[in-house]
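Reading the structure
One-letter residues, chain by chain:
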Amino acid sequence: MTSTEPRPIGFGRLQRKEDARFIRGQGRFVDDITLPGMLHGAVLRSPVAHARIVSIDASAALAHPKVVAVLTGRDMEARNLAWMPTMSHDTQAVLATDKVRFQGQEVAFVIAEDRYSARDGLGLIDVEYDLLPAVVNARTALDSDQPVIRDDLTGKTDNHVFDWESGDRAATDRAFARAEVVVEQDMLYPRVHPAPMETCGAVADFDRVSGKLTLWCTSQAPHAHRTLYALACGLPEHMIRVISPDIGGGFGNKVPVYPGYLCAIVGSIVTGKPVKWTEDRSENLMSTGFARDYVMKGAIAGSRDGSITALRVDVIADHGAFNATAQPSKYPAGFFNVFTGSYDLEAAHCHVRGVYTNKAPGGVAYACSFRITEAVYLVERMVDCLARELGMDPAELRLKNFIAPEQFPYESKTGWVYDSGDYERAMRKALAIAGYDELRREQAERRDRGELMGIGIGFFTEAVGAGPRKHMDIMGLGMADGAALRVYPTGKAQLSISVQSQGQGHETTFAQIVAEELGIPPEDIDVVHGDTDTTPYGLGTYGSRSTPVSGAAAALVARKVRERARMVASAMLEVSPDDLVWSKGPPARWQVKGDPEQGVTIQDIAMAAHGSVELPEGVEPGLDAETVYNPPNLTFPFGAYICVVDIDPGTAQVTVRRFIAVDDCGTRINPIIIEGQVHGGLTDGVGMALMELIAFDEEGNCLGGSLMDYLIPTAIEVPDWETDFTVTPSPHHPFGAKGIGESATVGSPPAIVNAVVDALQPYGVRHIDMPCTPSRVWDAMRGQGTPPQ
Amino acid sequence: MQVPAPFEYERATSVDHALDLLAVLGPGARLLAGGHSLLPMMKLRLATPEYLIDLDGLAGELGYIREPGPDGLGDEIRIGALTRHRELLESELLAQRLAIFPDAERVIADPVVRNRGTIGGALCQADPSEDLSAVCAAVGARMVIRGLEGQRVVDMREFHRGPYRTAVDDGEMLVEIRVPIRPAGGSAYEKVGRRAGDWAVAAAAASVSIADGAIEQAGIALTAVGAGVTSAEAEQLLVGRAPSEGLFGAAAELAAAACSPVSDQRGSADYKRHAAGELARRALRRATGRALRAQA
Amino acid sequence: MHVTLMINGEEVSRVVEPRMLLVHFIRDELGLTGTHWGCDTSNCGTCVVLMDDEPVKSCTVLAATASGHEIRTVEGLEVDGVLDPVQQGFTEEHGLQCGFCTPGMMLTARWLLDRNPDPSEAEIREAISGQICRCTGYATIVRSIQWAAGRPRDETVDR
């Protein structure tokens, strides 16, 4: 099983190390874990969106011969665990006590001998509900006639969560007042769901003798979860071990702590046996962290010659029944204020108001990069709206207004300092690959024949890699990440990192980072991740932060090792450390300045470091190092995307014919993996733009609770992707990398929607909300487009 | 993943055995064909039969596509009720004589589900959005239902009673579908979904036969839009007339006007009605093209 | 009730409830966890196995129905240390990221290539259209299968 290409040491096209187990079906996912005596848990969920709980009768369930225990809100209350803190300074019910506040909310937990009996047990619990009217429309959630959802919060008299603003309102108003052209557009980024192929779950094993809790869990942030359990459960943090084994996709869905995990933990404490809880797909779609649900009113100001001068937006953010979004604590709307995009504006202002509704809690997931998807969608749609108003080509309008390379580092009008960028270069590359002028000619010909073809552009700048401790924390935990590197006597190494993989290939890319620094081949570096007992503290994998933060930590810890190695090399070669220079080779080694024949590799040094070579004063034996990296800033990947669609005029079905993506993620560790990340994100975009939607009816019943209703693209709906890249390194990152994980999910939806709107120009369509299903496109063609419910 | 409630299980070894079991076990028993309509409902506990009679062993006996032959079967293609979707999709015979079947099978569910699901299972489940009911109605198929007392043959109008309801009584099972073959006949199916494998937002089935330059017989049926078993008014408009785009359009309009779609997440009622008409027109056009080529 | 079936060439027999789904039989009774599950409505395809050499969604087949049939799971692709070309292809062409949909995808690929040794891109996409991947965007899965299409199975290996 070898490729004919040379295997790189360091950055380059390296096949993944982790594939070996997955292609054999030997991955170890949470539901693959079986422990002796293990019991199975199942959650009873509310069938209604808003109701008082009158009574819960679990007697029939307890009488089932295979049911071992039933937990209700009352049982959790006795342990002070009926409520738990969320990552947004709110609280969330673990098992409902007074009321249920969304359809699918957790009401009871059945623990049984096997999963079938647990499911049977659910049907034997009798709950009486007293229905209350449901708040389903975020736009009217603050009206005085709406019921108060969070009456559990002392003094709460409405459904308001927060107000937040950014930018200069006065300067923006002035810019709009004097603008020659102003375009306004309402748009919705609908509620969607990350829906990883593996649902969420946990196996909790509490050892009554030692008092240690081991929790295997689908967690993107095992250390943060451990701290949260310590705070919530009163279990000492050093007696909790959280292990994220192989995870079948995260996409932000596996960042929050879910009630099911806590129920499994309490279940294990109560029964003295391991308890497994894995949710089914309807539970995943109905109750776990959704994404988006931003109702936006945008406005863009400019001059007739095509200068964009200002941007403003008002947002109503639907946070569901509990504000369980996971974002840095000072940023209730995440990094939404990066909505100024890739353009040099005179002024900008945004205001975001968060509200409660009777829907599932969450809001930050699905590669949102903390609301950057919403921000980029807003600005890229508004720019297209302005282009339309001006009669200007959307590529030309963007090129005219891009931040220029010499303006970096660039401070945006909402306070972000973009590290580096060369937007025009990426844009022109994408236009060339697409054959843009030829496409426009083709479009004109097709229009003459009554055919509907659209070309859409999406250009994005993200702010990822959270983040500097002084600005960014989640639940008070700073967003720094650690790395620990041990080099063994035979020159092999083990790297322990804070982030862990849900498919991104960390076992390969992080080995490549160390390989690049030390010249140890990646196959000789074991990357350890996901286990709080064996990895350094860090806030987890999301927001594209693995490469910018943990990747930086890995590079810096390798450099620490390299410096220790220098000391050992100086002793081995009997020269002063200052007389040594590092050469990348290959083979990489410390060698004597002016005498390159004299040199030693890390492998040589390792044996000496552990051996008996006399080391200089103050230099400890061994070749290990640790570091914690506090990033000085976020990083700002960017990209130029172009989408070509064809729409059937009779049925209004949209087909994505081509998609061109030029990405700049700074220094590229592994092009194979980068390309894969981009492909996956582009598919997300097709999904959201054309078919994905979590909808509710007026009673708060969730209409997207299965994969029959929540549609995810198959291989048929997506084209063969055309990808390319530019490299604009980040000046502050140890090796100039920026991160790529969410770029394509961020940049593709506006490109596709812009293409659909472009295709429908003959019908005078100015905007259409996602998802652009055939029915909704047809409505737009008849001038009757509305946001989805 | 959700799992069914407990039930007792029997394996049928023949059609007669299955009928005996149905008689003995009573209305609490359901037949399990390909399982891809029934088992999902059982997993969601929307169906909770006490007994399942597994027809897996009958796949040989009831899985066939027989062309009309000299042994007195007449001008009919006969399809066993347990014929899998995949077999219908890949049948050379159907591709030549009843292309509406591969048209529809290409867009029913997905390739993996098609390995197990059966035509009988789909027709008897009678989901308002499933495709083969309209296909069978358009081609004038007749359903062979067998019980302990014997066998009866009903046409689709009698067979298909509405959502989830068919003429198959307790104690009976569908065993065969018989489709008439006309000399210069052509048929086609057109469907719109939000994505590959999606249930129909709307779909149209059309079947025509041409004689002396005129449409001799026509069948039109719509899927998922609250239409009658067939669009009778539209069919009547076509008979005796020379085929033309204008005629297809007029017939399609009648068919669309006569259906009662419901607004839901798949689409608005207005859209579904529009799509039904558009698809009926396309199906008629394609069916006619095939009929004319068959004539040649 | 008794369920007896062939799994990866070996006969196994267990007593299970009639309602036990084939996917749980494979995973929980036999401990073969390479077959996964990811939905309740027969949509996702992470549970795909080969039954009598045809891909089926094992979450929608009763173990009882599978009794008497031959089942092949991902664990049966590699024989005597020799990887199936589809397994090699998925590694060569980065056809997997999280690995959750991968077993099902590879088995369907195996079925496709056995009946159509040189499929077009459209035929490949059609063949896997009943199985969802959230990670790869499908292009690398297509390339993985194309890689394997050029390389026949080692027919000397006893399967």
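Just so you know, these numbers come straight off a predicted model, no measurement behind them. (Residues numbered from 1 in each chain as written. Chains lettered and ligands numbered in written order. Predicted model: local features only at pLDDT ≥ 70, side-chain atom pairs only at ≥ 80, totals over all residues. Heavy atoms only, no water.)

**Some thoughts on the environment of B:Ala214**
All names here are of chain B. Note the threshold: Secondary structure elements follow DSSP: runs of H or I of four or more residues count as helices, runs of E of two or more count as strands, with numbering from the N terminus. We call two residues in contact when some of their heavy atoms are within 4.5 Å.
Of note, Ala214 is situated in strand 13 (residues 214–223). Considered as a pair, Ala214 and Gly240 are 26 residues apart in the sequence and their alpha carbons are 5.5 Å apart. With residues near it in sequence (within four places) discarded, Ala214 still touches Ser209, Gly240, Arg241, Ala242 and Pro243.

**Thoughts on the environment of A:Met770**
Residues and elements named next belong to chain A. So the rule is basically this: Under the scheme applied here, a residue whose accessible area is under 20% of the maximum for its type counts as buried, over 50% as exposed, and between as partly exposed, the area being computed with a 1.4 Å probe on protein chains only.
Within the secondary structure, Met770 is located in the loop between helix 17 (743–759) and helix 18 (774–781). For Met770, a relative accessible area of 0% gives the class buried. If we skip the residues at most four places from it in the chain, Met770 touches Leu188, Tyr189, Pro190, Tyr377, Met688, Ala689, Pro749, Val753, Arg776 and Pro788.

**Some thoughts on the nonpolar core**
All names here are of chain A. Formally: For the purposes of this section, nonpolar cores are sets of buried Ala, Val, Leu, Ile, Met, Phe, Trp, Tyr and Cys residues that join through side-chain atoms within 4.5 Å.
Grouped together as the largest cluster of nonpolar side chains are 204 residues, with contacts concentrated most on Met296 and Phe336. Sort the elements by how many residues they give to this core and helix 9 (residues 372–390) lands first, with 11 residues. Ranked by size, the runner-up nonpolar core spans 45 residues in total, among them Val557, Leu573, Trp582 and Ala737.

**Re the pairing of strand 10 (residues 173–180) of chain B**
Residues and elements named next belong to chain B. Just so we agree on the cut-off: Pairing between strands is defined by DSSP: at least two bridges between them are needed.
Among the eight residues in strand 10, seven count as buried, and that is most of the element. In this sheet, strand 10 lies alongside strand 5 (residues 76–80) in antiparallel orientation, the contact comprising five bridges. Paired with Gly80 across the strands is Glu176, a residue of strand 10.

**Focus: unusual backbone geometry**
In this chain, A:Pro586 is followed by A:Pro587 through a cis amide linkage whose omega measures 0°. Note that A:Pro587 resides in the loop between strand 27 (580–583) and strand 28 (589–592). Omega for the peptide link from A:Met770 to A:Pro771 comes to -10°, which places this bond in the cis form. Tracing the backbone through its elements, the reader meets A:Pro771 in the loop between helix 17 and helix 18. Backbone geometry at C:Asp53 places phi at a positive 70°, although glycine is not the residue there. Here C:Asp53 is to be found in the loop between strand 3 (48–51) and strand 4 (54–57). Under the relative-accessibility criterion, C:Asp53 is labelled exposed at 56%.

**Thoughts on the side chain of A:Ser412**
All names here are of chain A. Here Ser412 lies in the loop between strand 19 (410–411) and strand 20 (417–418). Given a relative accessible area of 5%, Ser412 falls into the buried group. Residues within four places of Ser412 in sequence aside, it is in contact with Thr340 and Tyr418.

**Structural notes on the domain arrangement of chain B**
Residue and element names in this part refer to chain B. This is how the line gets drawn: Those domain boundaries reflect an automatic or database domain assignment. A quick way to say it: buried area is the sum, across both parts, of accessible area lost when two parts are put together, with a 1.4 Å probe. For this document, the term salt bridge refers to a Lys or Arg side-chain nitrogen within 4 Å of an Asp or Glu carboxyl oxygen.
For chain B, the domain assignment lists domain 1 (8–57), domain 2 (60–180) and domain 3 (185–295). Between domain 2 and domain 3, the residue contacts involve 21 residues of the former and 22 residues of the latter. Taking both partners together, domain 2 and domain 3 bury about 1,600 Å²; carbon and sulfur atoms supply 59% of that area. Three residues stand out in domain 2 for area buried against domain 3, namely Asp103, Ser129 and Ala138, and they jointly supply 30% of the buried area on that side. The interface formed by domain 2 and domain 3 contains three salt bridges.

**Re helix 16 (residues 671–690) of chain A**
All names here are of chain A. Put simply, the rule reads: By this rule the span expected of a helix is its residue count minus one, scaled by 1.5 Å. Whenever a nitrogen or oxygen atom comes within 3.5 Å of another N or O atom, the pair is scored as a polar contact, on the condition that within protein one atom can donate a hydrogen and the other can accept it, and that pairs from neighbouring residues in sequence are kept only if both atoms are in side chains.
Taking 1.5 Å as the rise per residue, helix 16 with 20 residues should run 28 Å; its terminal C-alpha atoms sit 28 Å apart, in good agreement. Of all 20 residues in helix 16, 19 are buried, a share of seventy percent or more. Measuring from the side-chain oxygen of the N-cap residue of helix 16 to the backbone nitrogen of Ile672 gives 3.0 Å; that N-cap residue is Asn670.

**Concerning the interface of chain B and chain A**
If you look at the interface, chain B gives 22 residues, while chain A gives 28 residues. Between chain B and chain A the total buried area reaches about 2,200 Å² when both faces are included, carbon and sulfur atoms providing 55% of it. Three residues, B:Arg194, B:Arg195 and B:Tyr271, lead the burial of chain B against chain A; their summed loss comes to 29% of the area buried on that side. Counting across the chain B and chain A interface gives two salt bridges. As a salt-bridge pair, A:Asp648 and B:Arg282 come within 2.8 Å of each other at their nearest N and O atoms. Our enumeration of links across chain B and chain A arrives at 10 residue pairs in polar contact (both at pLDDT 80 or more).

**As for the sheet that holds strand 27 of chain A**
Residues and elements named next belong to chain A. Using the following cut-off: What counts as an axis is a line fitted to C-alpha atoms, over the stretch in contact for a helix, and the angles between N-to-C directions run from 0 to 180 degrees.
Read from one edge to the other, the open sheet built from three strands follows the order 27-28-29, with strand pairing classed as antiparallel. The sheet terminates laterally at strand 27 and strand 29 (595–601), the two strands that pair on one side only. The average angle at which neighbouring strand axes cross in this sheet is 35°, direction not considered. Bridge count between strand 28 and strand 29: four bridges; the pairing is antiparallel. Among the inter-strand pairings, Trp590 is bridged to a residue of strand 29, identified as Val600.

**Brief notes about the sheet that holds strand 21 (residues 452–461) of chain A**
Consider a sheet: its strands pair through backbone hydrogen bonds, and that pairing is either parallel or antiparallel. Residues and elements named next belong to chain A. With respect to topology, four strands assemble into an open sheet ordered 21-31-32-33, the strand pairing being mixed. Two strands lie at the open edges of the sheet, namely strand 21 and strand 33 (722–725), each paired on one side alone. Averaged over all pairs of adjacent strands, the angle between strand axes in this sheet comes to 15°, irrespective of strand direction. Relative to strand 32 (residues 654–664), strand 31 (residues 638–647) runs antiparallel, the two sharing 10 bridges. Across the sheet, the residue bridging to Tyr641 is Ala661, located in strand 32.

**Observations concerning the packing of aromatic side chains**
Residues and elements named next belong to chain A. What counts is decided by this rule: Any pair of Phe, Tyr and Trp rings, taking the six-membered ring for Trp, is counted once the centres come within 6.5 Å. Such a pair is stacked with planes under 30 degrees apart, edge-to-face with planes over 60 apart, and tilted for the rest. Either the NZ atom of lysine or the CZ atom of arginine qualifies as a charge over a ring when it sits within 6 Å of the ring centre and within 35 degrees of the ring normal.
Enumeration according to the criterion identifies 29 aromatic pairs over all chains in this entry. Where Phe659 meets Trp721, the ring centres are 6.0 Å apart and the plane angle is 75°; that geometry is what we call edge-to-face. Separated by 62 residues along the polypeptide, Phe659 in strand 32 and Trp721 in the loop between helix 16 and strand 33 bring together distant segments of the chain. With respect to class, Phe659 is no different from Trp721; both count as buried. An aromatic cluster is defined as three or more aromatic residues linked by ring pairs; in this entry it consists of Tyr343, Phe402, Phe408, Tyr423, Phe459 and Phe638. Of note, Arg782 hangs over the ring of Trp778, and the distance from its end group to the ring centre comes to 3.8 Å.

**Description of the packing of helix 3 (residues 85–92) of chain C against helix 6 (residues 139–149) of chain C**
All names here are of chain C. Formally: When an angle is under 35 degrees it counts as roughly parallel; over 145 it counts as roughly antiparallel; between 65 and 115 it counts as roughly perpendicular; any other value is oblique. Here is the rule for handedness: rotate from the far helix to the near one, and if that takes an anticlockwise turn smaller than a right angle the crossing is left-handed, while a clockwise turn gives right-handed.
Two numbers describe how helix 3 lies on helix 6: the axes approach to 8 Å, and their chain directions differ by 135°. The pairing of helix 3 with helix 6 is recorded here as oblique in orientation. Considering only the axes of helix 3 and helix 6, their crossing is right-handed. Along the contact surface, helix 3 presents Pro85, Val86, Gln88, Gly89, Phe90 and Glu92, while helix 6 presents Ile141, Ser144, Ile145, Trp147 and Ala148.

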